[in-house]
Amino acid sequence: MAESAVSLVLDYLVQEARLLGGIHDEVASIRAELEMIQSFIRDADARADKEGVSNVARTWVRQAREKTFHIEDVIDEYIHHITKHPQKRKRFHFLIDIIPGMTLERHVIASKIQDINNDLKTLKERGESFGFNSLEQGGPSYDARRDLWHDPRMASLFIEENELVGIESPKIELMELLVKGQSNRTVISVVGIGGLGKTTLVKKVYDNEHVAPHFDCCAWITVSQSYKMEEILRNMIKDFYEARKEFPPREIDTMEERQLINKLRQYLLEQRYVVVFDDIWNISFWGHIKHALPNNKKGSRIVITTRSESVAPSNIESPSYHVYTLSPLPLEEAQELFCKKVFQREGGHCPLELVELSNGIIKRCGGLPLAIVTIGGLLSTKKKIASEWCKFLDSLSSELESNPHLLDITKILSFSFQDLPYNLKACFLYFGMFPEDYVINCARLIRLWIAKACVKEKQGLTLEDVAQDYLSQLIHRSMVQVAEVDFVSKTRSCRVHDMMREVTLSRSEELSFCHVSITNNSIFDGICRRLSIQNNANSHLESITSSKTRSILILRVDEVPDSFLTTCFANFNLMKTMDFKGAPIDYIPEEVGNLFHLKYLSLRDTKVEKLPKSIGKLKNLETLDLKYSHVSELPVEISGLSKLRYLAAYFENNDSKYNIHFRRGVKIHSGIRCLQSLEKLFNIEANSAALIEELGSLGQLRKFSISNLKRETGIALCTTLKKMSHLRSLEISATSEEEFLDLQLMFSPPPLLQTLSLQGRLEKLPEWIPKLKSIVRIALIYSRLMDDPFKVLQALPNLMDLWLRDGYKGEQLHIEGGGFKKIKRLGLRNLRGLNRLIIDEGSLPLLEILTIGPCPLLKEVPSGIHHLKSLKHLQFVEMPRELVLSLQLDEGPDFWKVNHIPSVDFWYRTKGENYKGYKIGHPELLKRSQS
């Protein structure tokens, strides 16, 4: 990791060479010394992995790392200074005595540069005295590891049922405990040491198509070691409501524990519920939480995962408590899992020359699936050569054999970390900035990596593409877990296992990568380059005074003192990333303009209403995230942010009924043509034709969303869109539901477009839509087309998601045989004139989710729906009573048509966009239908 610190500074010196012209010779000297030191560090790290190095050598590595930090600080100070005084730059030369015209500040920086050069020379001499080699280290596969790894089979990175081993028997037992047995509230505790796969097992059961429909509502709560009972209760309420497609009551955010318990009890009293509490450590947790979960005699189930049997409710205490002890994998199953992970190209079969070495590695994994999968992921990237594997096996310390439990796993995971290329090490350590069991939005993580210069440029790829590849590599090595994927199997959120996070924290502390402050009792000296404040460690905020702090991340904090904001924006001139997502702040000080080096600023989900004009001074800002904030207008000074690549700003009002203004964009002034580095821009309002014309200068845009478009500006927008050849995602919204979108003249649509959303009237389907060969998602909202759009849309070769909301006024839709070959999700909402839906056999072969309604004239079940063998979820929204009654269990004549579908639900609006759902046969559903 010290090597990565050096490498990042070397890259930084290259990037900023233009601004360092006045000290070119000195910088060249620093680079030469750093490159030599970098080679020494690689040698030192290789020795440490193999036979260890002395404490003196470790001190040398630490000093090298700290010196690189110092270099970065001094260079940034210099760049900041010359940009403030550009007129004096050409006349300025470093490393000379004070001369007339040289300011004292410049002389101080010059002296620091000279000192650094001298220190690096001394440091290099010490490295030579330790015998560190300047030659490349890392074995024959070192250079290969630097290359980007591209895996076209993204789905293979995720744990599928057929990739698991030894899970079938425990899964069946748990399923029977959940869906069969007594009507009393039952608690099932899955117990075992870390890494056995407790969470994986329970999640497979929880998501099973025979389990989920059995319950009225469900919740998955990750507890971990640090938790607040009020937060646990609030999350339970939110999960239960969201499972029923309802919006949770807003008042829960201000409720105390007793009130939250009462709210939960009232809500669950008439529900058959299931809730999972994952990763419980505190022995008193069940004693507190059980009061919120009523024993309603409806067959409700509670599942607990824990490493300690003493935490689990004992079956001695009650016959309704079950303890399921999960055991390590036996040797045969451990071998099967290992071979599946490592020898995918060989069909899961281990070559004879590697059998003995494989068994040696498997033995050291101790039957723990996490260890097997992690080591297997690492070995799957290596050559299948016995000598390479022998080196791998020999490099594990003898301590692995002496302790078969957590220490074994930690050692193995640490080895995986050490095998990472330097750029992935820096990226992986960033996971330590987030709380335990925190689900991290991948887009957010990637932007943070880029802001910290952890991502290296690659010709022909954007930095986001490269960073996505980094994340894929970490997933492939099983060092990062996928938390959520979208309908095209793209990873949307991820996390690291608790034990893997322990590796990042120990490494971060050892390498001074970051400081994580978790509680008000945490020790903090006020000095740190990267700081993560978590779980209401509020007192630390006021103690942060180090002007060297480069990154601040605030998570789960109830209060941010004004004094902290003042200190941050007034004094932290070297700050590069500030992430206030969800923080309780409502303003940003004018002093934000002092943060010249700031690259990343997130005010997402805050109550900030206005950006100060000084925001225009942030010449290095690349990410400005204002999503779900209260900012409605951007200052004109925003046009000065020439390096800005990501600008997102909109607000959604979930309390109102869905309409075209449900998502509110931001007003932006002229001058946006200056933001030519922009790759993502959403959601801005179409103020004028002149603004739309300016947008044509943004040729790097990948994602673009514009609202309040008038009919007369449609032609201008078509002209602008022709210039956006890199566009992947496009959203266009009219001024009202009655306003027409004039988009017919875009004869050559963006060739790489994957997502298209049109909100507004369409006289006819744009003629360029059939040309969208890469399109995977289309939403037509308020289009009110008269001709059947399926005639065109069902032929699109890659379409996977189609949503029509008030998009068609006709009476009949016909999906022909062979149509929509790849579609997985289809939504037909608010089609008021539709009275017949025909689905031919052979169409929609991959459809998993179908949503229909309100369609007041559609009184018959769609013809041919019984042909949809892949359909998993069928949802009817406020449909006619005739259709609902025809699908009831006993007397419904059309029930046989949907009997093969695991989940069939009927939804009715309660308020705004809040809905209440019912299963087939529910008494209240019948009452609604017969009334």
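One can find the structure itself at the top, above this paragraph.
A brief report on the enclosed structure follows. (Residues numbered from 1 in each chain as written. Predicted model: local features only at pLDDT ≥ 70, side-chain atom pairs only at ≥ 80, totals over all residues. Heavy atoms only, no water.)

1. Details of the overall build of the protein
Which entries qualify depends on this criterion: The numbering of helices and of strands both runs from the N terminus, where a helix is a DSSP run of H or I of at least 4 residues and a strand a run of E of at least 2. Burial status follows relative accessibility: with a 1.4 Å probe on protein chains alone, a residue under 20% of its type maximum counts as buried, one over 50% as exposed, and anything between as partly exposed. Only heavy atoms enter the contact rule, under which two residues are in contact if any of them lie within 4.5 Å.
Helix and strand content of the protein: 28 helices and 30 strands. A burial count over the protein gives 55% of its 931 residues as buried. Across the protein, contacts joining residues at least 24 apart in sequence account for 61% of those joining residues at least 6 apart.

2. Some words on the sheet that holds strand β6 (residues 440-441)
We count it as follows: At least two bridges found by DSSP between two strands is the condition for calling them paired.
Here 3 strands make up an open sheet; going across it, the order is β6-β8-β7 and the pairing antiparallel. Both edges of this open sheet fall to β6 and β7 (481-485), since each of them pairs with a single strand only.

3. With respect to the pattern of salt bridges
Side-chain pairing between opposite charges can occur once the charged atoms of the two side chains come close. So the rule is basically this: The rule for a salt bridge is simple: a side-chain nitrogen of Lys or Arg has to be within 4 Å of a carboxyl oxygen of Asp or Glu.
Tallying each qualifying case throughout the model produces 29 salt bridges. A salt bridge links K171 to E168, with the nearest nitrogen and oxygen atoms 3.8 Å apart. Of the two residues, K171 and E168 both sit in helix α6 (residues 168-179), 3 residues apart, roughly one turn of that helix. Residue classification places K171 among the buried positions, given a relative accessible area of 7%. Here R663 ties to E731 by a salt bridge, and the two come within 3.6 Å at their closest N and O atoms.

4. Looking at the sheet that holds strand β3 (residues 273-280)
Either a parallel or an antiparallel arrangement is found when strands of a sheet pair, and the pairing is made through backbone hydrogen bonds. Where we set the bar: Angles here are taken between N-to-C directions and fall from 0 to 180 degrees, while the axes themselves are lines fitted to C-alpha atoms, restricted in helices to the stretch in contact.
Read from one edge of the open sheet, 5 strands run β2-β3-β4-β1-β5, paired in parallel fashion. Two strands in the sheet have a free side with no partner beyond their single neighbour: β2 (217-224) and β5 (321-325). Strand-to-strand twist of the sheet, defined as the mean angle between neighbouring strand axes without regard to direction, takes the value 15 degrees. Where β2 and β3 come together, 7 bridges link them in parallel fashion. Following the sheet pairing, I221 is matched in β3 by F277.

5. Overview of the packing of helix α18 (residues 442-451) against helix α19 (residues 463-476)
Selection criterion: Orientation categories follow fixed angle ranges, with anything under 35 degrees roughly parallel, anything over 145 roughly antiparallel, 65 to 115 roughly perpendicular, and all other angles oblique. Left-handed describes a crossing whose near helix is turned anticlockwise from the far helix by less than a right angle; the clockwise case is right-handed. Lys, Arg, Asp and Glu make up the charged group, whereas Ala, Val, Leu, Ile, Met, Phe, Trp, Tyr, Cys and Pro make up the nonpolar group; the residues left over, Gly among them, are polar.
Running from N to C, α18 and α19 cross one another at 110 degrees; their axes reach a closest spacing of 10 Å. Relative to α19, the element α18 lies roughly perpendicular. Along this stretch, α18 crosses α19, giving a crossing that reads as right-handed. Of the residues in α19, those in contact with C442, L445, I446, W449 and I450 of α18 are L463, E464, A467, Q468, Y470, L471 and L474. Along the lines of polarity and charge, the residues of the contact of α18 with α19 split into 10 nonpolar, 1 polar and 1 charged.

6. Concerning the nonpolar core
Worth spelling out the cut-off: Joining through side-chain atoms within 4.5 Å is the link that ties buried Ala, Val, Leu, Ile, Met, Phe, Trp, Tyr and Cys residues into a set, and such a set is a nonpolar core.
Counting 122 residues, the largest nonpolar core has F580, L681, F704, I732 and L802 as its most contacted members. Non-local contacts of L802, meaning those with residues more than four positions away in its chain, are made with I778, F790, L793, F820, I823, R825, L826 and G827. Counting 42 residues, the second largest nonpolar core, distinct from the first, contains V202, V205, L326 and L329.

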